[in-house]
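Chain by chain, the residues run as shown.
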Amino acid sequence: MPGLRATFEQAVSKHLSAAARLSASRTAAESLGEPAPEPAVVNAESALAARLTTAAAELADTPGWVRIGEGRLHSGGFPMYVPFLGAAHLRLSTAATDPRVAGLIRSIVLQALATHAAGQARILAVDTESVGATFAPLRPLVDGGIMNSPATDTAGFTAVLDQAEKHVKAGLRGEAGGVLILAVASVPPLSETVAARLAALARSGIQAGLYLVAAGVDELPDAVNITVDDHMRVGNPPRTPFGTRDGLAVPVAFDPLPGNDYLVAESHRLADRARAAAELAFTDLIPADLWTDDPASGLATMAGRDANGPVVLRFDDGTPHWLIGGRTGGGKTVFLLDVLYGLAARYSPQDLSLFLLDFKEGVSFTEFTPQQSDPSYIPHARVVGVESDREYGAAILRELDAEMTRRSVVMKRHGVARYAELRAHQRVPRIVCFIDEFQVLFAGNDRLAQEAAALLENLARKGRSYGVHLVLASQTTSGIEALYAKRDSIFGQFGLRVALPGATSVLDPQNTAAQGLRLGEAVINTDGGAVGGDRKIRFPNAQADPTTLHRLRVDMWQRRGEMAPPTVFYGYKPVHIDDNMDYAALVATDQPEVMLGRRVDAALNTARVRLDGAPGRHISIVGGDDAGAQMLEAATASLARQRPSARYLVAGLAEPAVARRTAALLGESATLLSDPAAVAQAISELAETVGPTYLIGFGLDVLNLDMMGKKAFSTVLRQGPATGVHVLGWWRSLRRFTDDVGGSQGKEDVCYSVVLNVPGAELLGHFGMAATSWQPRPGRALLIDRHANTQDLIVPFTDRDRYDDQLMLG
Ligand SMILES: Nc1ncnc2c1ncn2[C@@H]1O[C@H](COP(=O)(O)OP(=O)(O)OP(=O)(O)O)[C@@H](O)[C@H]1O
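Here the structure is a predicted model, which is why all the values come from computation and not from measurement. (Residues numbered from 1 in each chain as written. Predicted model: local features only at pLDDT ≥ 70, side-chain atom pairs only at ≥ 80, totals over all residues.)

We now examine helix H17 (residues 627-642). Counted at 1.5 Å a residue, the expected span for H17 with its 16 residues is 22 Å, and the 23 Å between its end C-alpha atoms agrees. Within H17, 14 of the 16 residues are buried, which leaves it mostly tucked inside the rest of the structure. (Helix = DSSP H or I, 4+ residues; strand = E, 2+ residues; numbered from the N terminus. Expected span 1.5 Å × (residues − 1). Buried ≥ 20, exposed ≤ 12 C-beta atoms within 10 Å, placed from the backbone.)

Written out as structure tokens, the structure is:
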């Protein structure tokens, strides 16, 4: 029987130690009924030995074979290996309540892990009759995430069967990564149902990457049967090269039990190895070729890996929006960089747009904007807002909402209903809008909060059809709960949850998967946070590899073509008129538009108001904040460029230094008046003047005009614009301003007001209801246009130094 001989040789080749090899081969030949090799036939024996040595070397590192003990031959022993992973299950007739069997199971588990590539094999342990004692020395495997906490009761055993079945199902679909070993050290008497489940697992396991080593069970299909009494006997292994019908002819002695220290140390080694293997490098997340993926059916990027392999996160119909939670310092910035670089590398800027908003000092988006020190940036970014105002957030949401409307019009025209179909007609990008500390949008529970909630809800509901995706993140429980409390219906749209260390409420309250997460780990749940839908991943630290990051960014930036840089809003930065492109472009005109600052709208337009001949064309700046003086200076500078030959009367009643600077800027066309009486006199003359003349009033509240003065001022305000006379004045008190314009009768005579640090409630009398939600804050102003009936948040033009000082102090 040459086949039998060959197979036995193969088995033996695996089993023999170098020392035993020659004598074992002689015995092997005997056991096959062949004539024992003549001691004299040294040449033949040497030839066999050489063949065995070669074969053994080839097989030495073959994963899957495990040593169970020492095969006993007449003339000595040899290491006894049996085929396991990749070939068969193992059934031991006695449970691990027999310490020798317990030792064997531990040994098999460790060998199975050791002969597989790190991270490629995992253990599901069951030990109901010894309360898990069999696996106790292997505890580091549990901590390393490659073994479960052993099931010690029937319920636990059932749960393990569920998991094994899940693995088999995934394996049969070709989706399971790695090998799963179901190590049953002991079980309670099996009910018929449970026995049938175990048998079914065994039958389908081998083709699906599940292997059982089961002790104390009566039957197991496709298993190498090992009968235990004084020693072991290896029964007929199925589908293996082991030959005889009765199994292997040699008895097998148990190996001596290794010490606990060895088991613990080996478990640590394997766990560490698995951890190291689970560690992806940032470069593993980035595809070899840039911008080759098609966004039609969704966006996908690799975020990290778990024991089953790489974990890919998607924006698609199943998980159109994501919700991320984690404490400060929990790794959110790093996780986001992984994801955003991953996406940006896969999809071109024509196929993916990024809108990035941050409402508190959190994630910084320097990678997405040109910096002075590094002009390269990720060209997918369309909007970047850092420490943004709620108003800016709402403006961006409105912009996205409008984009959905635009897309819906095109889709209707083509009679299609899905983004993928729209792409067949028009190459519009998918949009990912990331909002950090999104709950700030809802703060205040005012009109703006309601609008933001409604916009978010609409985007969350309809976004998937139009290729618009939201990623909301928060560091606080209350942040996440704010979303839930706002509209339950929004919460449900966030199918993909990412829990980073310290995350509390992104997962279902019953779901404890995020407990004990460490930095660099996250729980990914694609089932809306429900228990059981979790994958615990490790993600690489993008910041640890700045060189690669930079190279990738420069590469993308150089390919950006016509792609314009994003609109950038740094909420904490002052804006200076000298940096404003519109200011730089001003030319002389008799229809001047005075520039006051930057609007907090999606396009971050310059805030400008027209000073033409229509009634009310004056500007009041109201509030004690000395930003008022600086804004007036900037406004005057913008006016001077358009009206270089006009007359300017500069009243320096407050902030005299700024007033002087302003007069100096205007040159010969300016008259600086520092005395209230002189200013009052000038006003009465203005009432008779024909323009173009501008009164630039620093601290008009000082005037305290008498009856005549008030009358003259009213005349200037009411009739001035028609004759080319306009007032640009700063009042440090609202009361003085309303008084100077003649109370409610004069309200309409000044149609533009910029309110600084005057609380909204105080504005009611003069400006009406709409302005009362104004909350004064440094670096912001409310621009009220009475005639257009608008109130808009602006960042007023101020001096650079002032805010630099403040920032340094802060
Ligand atoms: N995957 C990782 N591997 C190793 N270290 C990490 C990983 N992710 C984060 N870290 C470490 O944790 C630190 C904090 O991470 P990160 O800045 O991303 O947190 P954050 O949640 O954004 O914090 P904050 O909101 O306070 O800025 C990083 O500087 C880094 O040292």
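With that settled, consider the site of the ligand. Around the ligand, a shell composed of 15 residues is seen, among which Gly 331, Thr 333, Val 334, Gly 520 and Asn 541 lie nearest. In terms of residue class, the shell around the ligand is built from five nonpolar, nine polar and one charged. (Near = placed C-beta within 6 Å. Nonpolar A, V, L, I, M, F, W, Y, C, P; charged D, E, K, R; others polar.)

UniProt annotation of "binding site: ATP" (unreviewed entry) refers to Gly 326, Arg 327, Thr 328, Gly 329, Gly 330, Gly 331, Lys 332 and Thr 333 when read in the numbering used here. Counting through the fold element by element, Gly 326 comes out in the loop between strand E12 (322-325) and helix H9 (332-346). If near-sequence neighbours (up to four positions away) are discounted, Gly 326 is found in contact with Gly 331, Lys 332, Gln 475, Ala 499, Leu 500, Pro 501, Gly 502 and Ala 503. Residue placement: Lys 332 occurs in helix H9. Those residues in contact with Lys 332 that lie beyond four places of it in its chain are Ile 324, Gly 326, Val 363, Ala 473 and Leu 500. (UniProt positions renumbered as here; feature names shortened; annotations may be inferred. Contact = placed C-beta atoms within 7 Å.)

Our focus in this paragraph is the environment of Cys 433. Among the secondary structure elements, Cys 433 is positioned in strand E15 (residues 430-436). Separated by 79 residues in the primary sequence, Cys 433 and Leu 354 place their C-alpha atoms 6.0 Å from one another. Filtering out sequence-adjacent residues up to four positions away, Cys 433 remains in contact with Phe 355, Leu 400, His 469 and Leu 470.

Take the packing of helix H19 (residues 676-686) against helix H20 (residues 707-723) next. Contact pair H19 / H20: the axes reach a minimum separation of 8 Å and the direction vectors enclose 50°. In terms of their interaxial angle, H19 and H20 are classed as oblique. The two elements H19 and H20 meet at a crossing, and its hand is left-handed. Residues Ala 680, Ile 683, Ser 684 and Leu 686 of H19 lie in contact with H20, whose contacting residues are Gly 709, Ala 712, Phe 713 and Val 716. Residues belonging to the contact of H19 with H20 are distributed by class as follows: six nonpolar, two polar and no charged. (Axes fitted to C-alpha atoms, helices over the stretch in contact; angles between N-to-C directions. Parallel < 35°, antiparallel > 145°, perpendicular 65-115°, else oblique. Left-handed = near helix turned anticlockwise from the far one by under 90°.)

Along the chain, Leu 220 turns up in the loop between strand E6 (210-215) and strand E7 (223-228). Through-space distance from the C-alpha of Leu 220 to that of Glu 175 is 25 Å; in sequence the pair is 45 residues apart. If sequence neighbours within four positions are ignored, Leu 220 has contacts with His 89, Arg 91, Ala 202, Leu 212 and Ala 214.

This part is about the packing of helix H4 (residues 99-114) against helix H8 (residues 260-278). For the pair H4 and H8, the least separation of the axes is 10 Å and the interaxial angle reads 25°. When the axis of H4 is compared with that of H8, the two are roughly parallel. Seen from above, H4 lies across H8 with left-handed handedness. On H8, the residues that touch Arg 106, Leu 110, Leu 113 and Ala 114 of H4 are Leu 263, Glu 266 and Leu 270. Tallied by class, the residues present in the contact of H4 with H8 amount to five nonpolar, no polar and two charged.

Its identity is not glycine, yet Glu 387 carries a phi of approximately 50°, on the positive side. Here Glu 387 is to be found in the loop between strand E14 (381-386) and helix H10 (390-414). At Leu 604, a residue that is not glycine, the phi angle is positive and equals roughly 50°. Residue position: Leu 604 is located in the loop between strand E21 (593-599) and strand E22 (606-610). Since 18 C-beta atoms lie within 10 Å of it, Leu 604 is described here as partly exposed.

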